[in-house]
Amino acid sequence: MTIGKKMPKIALGAWAWGNDGTFGDNYTADQIKPVYDTAMANGLNLWDTAYVYGMGTSEKILGELTKETNPEDVIVSTKFTPQCEDGTPQAMQNMIDGSKKRLGVDIIDIYWIHNPMDVEKYTPMLIPLAKSGQIKSIGVSNHNLAEFKKAEEILGQAGLKIDAVQNHFSILNRSSETSGLLQYCKEKGITFFAYMILEQGALSGKYSSKNPFPEGSDRANTYNPMMNSIDSIISAVNKIAQAHNISAAQVCTAWASAKGTLPIIGVTKKEQVEDAAKAAEVVLSEDEISRIEKAADEQKISTIRYWEKEMK
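Residues numbered from 1 in each chain as written. Predicted model: local features only at pLDDT ≥ 70, side-chain atom pairs only at ≥ 80, totals over all residues. Heavy atoms only, no water.

### Side note on unusual backbone geometry
Logical step 1: The phi angle at Met-55 is positive, at roughly 50°, despite the residue not being glycine.
Logical step 2: Tracing the chain through its elements places Met-55 in the loop between strand 2 (46-48) and helix 2 (57-66).
Logical step 3: A positive phi is found at Met-196, a non-glycine position, where the angle reads about 60°.
Logical step 4: With respect to the secondary-structure elements, Met-196 resides in the loop between strand 7 (191-195) and helix 9 (218-223). (Helix = DSSP H or I, 4+ residues; strand = E, 2+ residues; numbered from the N terminus.)

Structure follows, in structure tokens:
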């Protein structure tokens, strides 16, 4: 990527910090500070957020945490969400201005279009941001291969390129791989950021059919009905975890790394950061990768969420 900073093996996600009903919790900068400090001490300095995560709440918390950090020591990633634009010709400029203010920065390291709503309309809005130096790298999120290539074509005409893709990718949702998008990124040298690799905790090993998500959140409504199927997948994952003396969550993270992606781990606790740092060093064998994927494929469950689609 062209941000001019060394990339860590794992990125950390701040979606849950701006709770939008998905996770069922609310957080403050004071609560997250030990998480931030632990991450930075372990070299995990890439933070992924978005305006839509709590309508600025997540960005504001991250900005409070990074204000004492040298800008060269932290990588800030945030997003333009088309559904939240203000309807003006300067919609993307206005949104990034708000993001920069909340984050306390003048330049965004990685700026994403959050989803492919009207690629022809919104992709060109990235051009003046990049040309004026307000963003270092361009990313697109939740785009399938055709949408990616259309965005790539639009930016290419302006002498710009896409540096990164960010899609939902886990052992339960490999459509970015089966569609050819992941391979295309590898061939073009584009960093593929994999989000929801732990399926919002459903693959962490913490939850099961006997210990489901607490009621009252969107993830509880989504994953609790399929927990019996997930139990059998976690059972297979745990056998590999035991062989490496690590957790199920670390196995799933190592799997995502082995597939050639840069995993994003959502963090709200120090322990999650410590697990992520250890997972970055785990190397799975081809046989272990195959066993994980076979266990998941046998269950035939879909975790594609309401804002997403199959990456055909």
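Now, onward.
### Here's the deal with helix 2
Logical step 1: Counting buried residues along helix 2, seven of its 10 residues qualify, which places the element largely inside the surrounding structure.
Logical step 2: In this structure, the buried side of helix 2 is in contact with helix 1 (29-41), strand 2, strand 3 (75-80) and helix 3 (91-103). (Buried < 20%, exposed > 50% of the residue type's maximum accessible area, 1.4 Å probe, protein only. Contact = heavy atoms within 4.5 Å.)

### Structural notes on the packing of helix 10 (residues 227-244) against helix 13 (residues 286-299)
Logical step 1: Contact pair helix 10 / helix 13: the axes reach a minimum separation of 8 Å and the direction vectors enclose 170°. If you check the angle between helix 10 and helix 13, you find them roughly antiparallel. Two secondary-structure elements touch here, helix 10 through Ser-229, Ser-232, Ile-233, Ala-236, Lys-239, Ile-240 and His-244 and helix 13 through Glu-288, Arg-291, Ile-292, Ala-295, Ala-296 and Gln-299.
Logical step 2: Of the residues assigned to the contact of helix 10 with helix 13, the class counts are six nonpolar, four polar and three charged. (Axes fitted to C-alpha atoms, helices over the stretch in contact; angles between N-to-C directions. Parallel < 35°, antiparallel > 145°, perpendicular 65-115°, else oblique. Nonpolar A, V, L, I, M, F, W, Y, C, P; charged D, E, K, R; others polar.)

### A few points about the sheet that holds strand 7
Logical step 1: Reading around the circumference, 1-2-3-4-5-6-7-8 is the order of the eight strands in this closed barrel, with parallel pairing throughout. Between one strand axis and the next, the sheet turns by 30° as a mean value, whatever way the strands run.
Logical step 2: Relative to strand 5 (residues 135-141), strand 4 (residues 108-113) runs parallel, the two being bridged by five bridges. The residue bridging Ile-108 from the neighbouring strand is Ile-135, located in strand 5. (Pairing = 2+ DSSP bridges.)

### Considerations on the side chain of Ser-175
Logical step 1: Of note, Ser-175 is situated in helix 7 (residues 175-178).
Logical step 2: Classification of Ser-175 as buried rests on a relative accessible area of 3%.
Logical step 3: A distance of 3.1 Å separates the side chain of Ser-175 from the side chain of Asn-173, its partner in a polar contact.
Logical step 4: Beyond its immediate sequence surroundings of up to four residues, Ser-175 is in contact with Glu-310 and Met-311. (Polar contact = N/O pair within 3.5 Å; in protein donor to acceptor, adjacent residues only side chain to side chain.)

### Here's the deal with the packing of helix 11 (residues 248-258) against helix 13
Logical step 1: Contact pair helix 11 / helix 13: the axes reach a minimum separation of 11 Å and the direction vectors enclose 110°. Judged by the inter-axis angle, helix 11 sits roughly perpendicular to helix 13. When helix 11 is examined against helix 13, the residues Val-251, Trp-255 and Ala-258 are found in contact with a partner set consisting of Ile-289, Ile-292 and Glu-293.

By themselves, these figures tell us nothing about what the structure is for.
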